[in-house]
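One-letter residues, chain by chain:
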Amino acid sequence: MKMFFYLTTLSLQRFIKEDPPVVAEGTPDHERFVVTEAWKHSDFLCKNYILSCLEDSLYNIYSVMETSKALWNALENKYKTEDAGLKKFVAVRFLNFKMVDSRSVITQVQELQVIVHDLLAEGMVINEAFQVAVFIEKLPPLWKDFKNYLKHKRKEMTLEDLIVRLSIEEDNKNAEKKSRGNSTIIRANIVEEAPQNKKRKKLFGSVFGY
């Protein structure tokens, strides 16, 4: 598309669709020459503007094309097919992406955002409401309650709102997990110290006679 725009600014875009002109019979030779040579000159410019934007390895392959139209068609046939394959690949990545409990949800959301960006870059249209719904649906199993909470909210969220909510919820879950861990350590210490306190009490009792 960039190349097409560039050729348009040069008024050469029509040559990627045109065949060499057919001059009507009976046209004087000098007119036939002028028309033919003018077309060849413009087509030569068009073809070489396109070739000049290719990498050297591709230039060597496509420089043998006789006209701009032949060159453009060859490039389209090759790269439009590859683009279609790339779109399918990115779409499959998007559909198969699953979040897991063992990793940060926000990190996984960011990875999913990159895939969505690739889809949009490939020309696929995905509105924000659909993105929000998909992001919620892909939350991992331990987020089931929060997922249901988000799915039943009546007010429509933007993707940015959703990410903020997920970030807050993840911070809360991490803080709760840390708190539970500390409580477990404290209880373990109490259990461990109890027998030791009994031993100390027994020792002091035997020493001081009580």
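Because the structure is predicted, anything quoted here is derived from the model rather than measured. (Residues numbered from 1 in each chain as written. Predicted model: local features only at pLDDT ≥ 70, side-chain atom pairs only at ≥ 80, totals over all residues. Heavy atoms only, no water.)

Asks: How would you summarise the overall build of the protein if you had to cite specific residues and measurements?
Replies: Within the protein one finds 8 helices and 0 strands. The order of α-helices and β-strands along the protein, N terminus first, is α-α-α-α-α-α-α-α. Looking at the protein residue by residue over its 210 residues, the buried ones come to 27%. Sequence-distant contacts in the protein: of pairs separated by 6 or more residues, those separated by 24 or more amount to 54%. Here the protein displays about 15,200 Å² of accessible surface, and carbon together with sulfur accounts for 58% of that area. (Helix = DSSP H or I, 4+ residues; strand = E, 2+ residues; numbered from the N terminus. Buried < 20%, exposed > 50% of the residue type's maximum accessible area, 1.4 Å probe, protein only. Contact = heavy atoms within 4.5 Å. Areas by Shrake-Rupley, 256 points an atom, 1.4 Å probe, with all protein chains shown as cover.)

Asks: Before we move on, could you go through the nonpolar core and cite the residues and values that matter?
Replies: Ranked by size, the top nonpolar core spans 24 residues in total, and within it Leu150, Leu162 and Leu166 carry the most contacts. Judged by nonpolar contacts, the second largest core, of 16 residues, contains Leu7, Leu51, Leu71 and Trp72. (Core = buried A, V, L, I, M, F, W, Y, C linked by side-chain atoms within 4.5 Å.)

Asks: Tell me what's going on with the pattern of salt bridges, and back it up with residues and numbers.
Replies: This model, assessed by the stated rule, comprises 7 salt bridges. Note that Glu18 and Arg14 form a salt bridge whose closest N and O atoms lie 2.6 Å from each other. Owing to a relative accessible area of 41%, Arg14 belongs among the partly exposed residues under this scheme. With a closest N to O distance of 3.4 Å, Lys151 and Glu137 form a salt bridge. Placement of Lys151 in helix H7 (residues 144-151) and of Glu137 in helix H6 (residues 128-137) is noted, with a sequence separation of 14 residues between them. (Salt bridge = Lys/Arg side-chain N within 4 Å of Asp/Glu carboxyl O.)

Asks: Pulling in residues and values, what's your account of a negative patch on the surface?
Replies: A cluster of like negative charges, contributed by Glu128, Glu156, Glu160 and Asp161, occupies part of the molecular surface. Mapped onto the elements, Glu128 comes out in helix H6. Judged by relative accessible area, Glu128 falls into the partly exposed class, the value being 40%. (Patch = residues over 30% accessible without salt bridge, like charges linked within 9 Å, V, L, I, M, F, W, Y side chains within 5 Å. Lys, Arg positive; Asp, Glu negative; His and termini not counted. Charge placed at Lys NZ, Arg CZ, Asp CG, Glu CD.)

Asks: So, the confidence of the model for the protein: which residues are in play, and what are the values?
Replies: Put simply, the protein has an average pLDDT of 84, and 82% of its residues get 70 or more. Mean pLDDT across the elements of the protein ranges from a minimum in helix H8 (residues 159-208), with 72, to a maximum in H6, with 93. (pLDDT = per-residue confidence, 0-100.)

Asks: Go over unusual backbone geometry, please, and point to the residues and values.
Replies: Where the residue is not glycine, phi is negative for most of them; where a peptide bond is considered, it is trans in most cases. Even without a glycine there, the phi angle at Ser11 is positive, about 60 degrees. Looking at where Ser11 falls in the secondary structure, it is placed in the loop between helix H1 (2-9) and helix H2 (29-52).

Asks: A description of H6 should follow, citing residues and the corresponding values.
Replies: Buried within H6 are the following residues: Gln131, Val132, Val134, Phe135 and Ile136. The backbone nitrogen of Ala129 lies 3.3 Å from a side-chain oxygen of the residue at the head of H6, namely Asn127. (Polar contact = N/O pair within 3.5 Å; in protein donor to acceptor, adjacent residues only side chain to side chain.)

Asks: Kindly report on the environment of Ile126, identifying the contributing residues and their values.
Replies: Among the structural elements, Ile126 can be located in the loop between helix H5 (105-121) and H6. Take Ile126: its relative accessible area is 14%, and that puts it in the buried class. For the pair Ile126 and Val116, spaced 10 residues apart in sequence, the C-alpha separation works out to 8.2 Å. Leaving out residues up to four positions away in the same chain, Ile126 has contacts with Leu119, Leu120 and Gln131.

Asks: For the packing of aromatic side chains, give the residues involved together with the corresponding values.
Replies: Each aromatic ring pair is described using two quantities: the centre-to-centre distance and the angle formed by the ring planes. Counted according to the given criterion, the structure contains 4 aromatic pairs. Measuring from ring centre to ring centre gives 5.6 Å for Tyr6 and Tyr49, while their planes differ by 80 degrees; the resulting arrangement is edge-to-face. With Tyr6 in helix H1 and Tyr49 in helix H2, the pair connects residues that are 43 residues apart, well separated along the chain. Both rings, one in Phe146 and one in Tyr149, keep their centres 5.6 Å apart while their planes meet at 35 degrees; by these two values the pair is tilted. Residue Phe146 and its partner Tyr149 are both found in helix H7; the two are separated by 3 residues, about one turn of the helix. With a relative accessible area of 41%, Tyr149 lands in the partly exposed category. Among the aromatic residues, those joined into a cluster by ring pairs are Trp143, Phe146 and Tyr149. (Phe/Tyr/Trp six-rings, centres within 6.5 Å; stacked < 30°, edge-to-face > 60°.)

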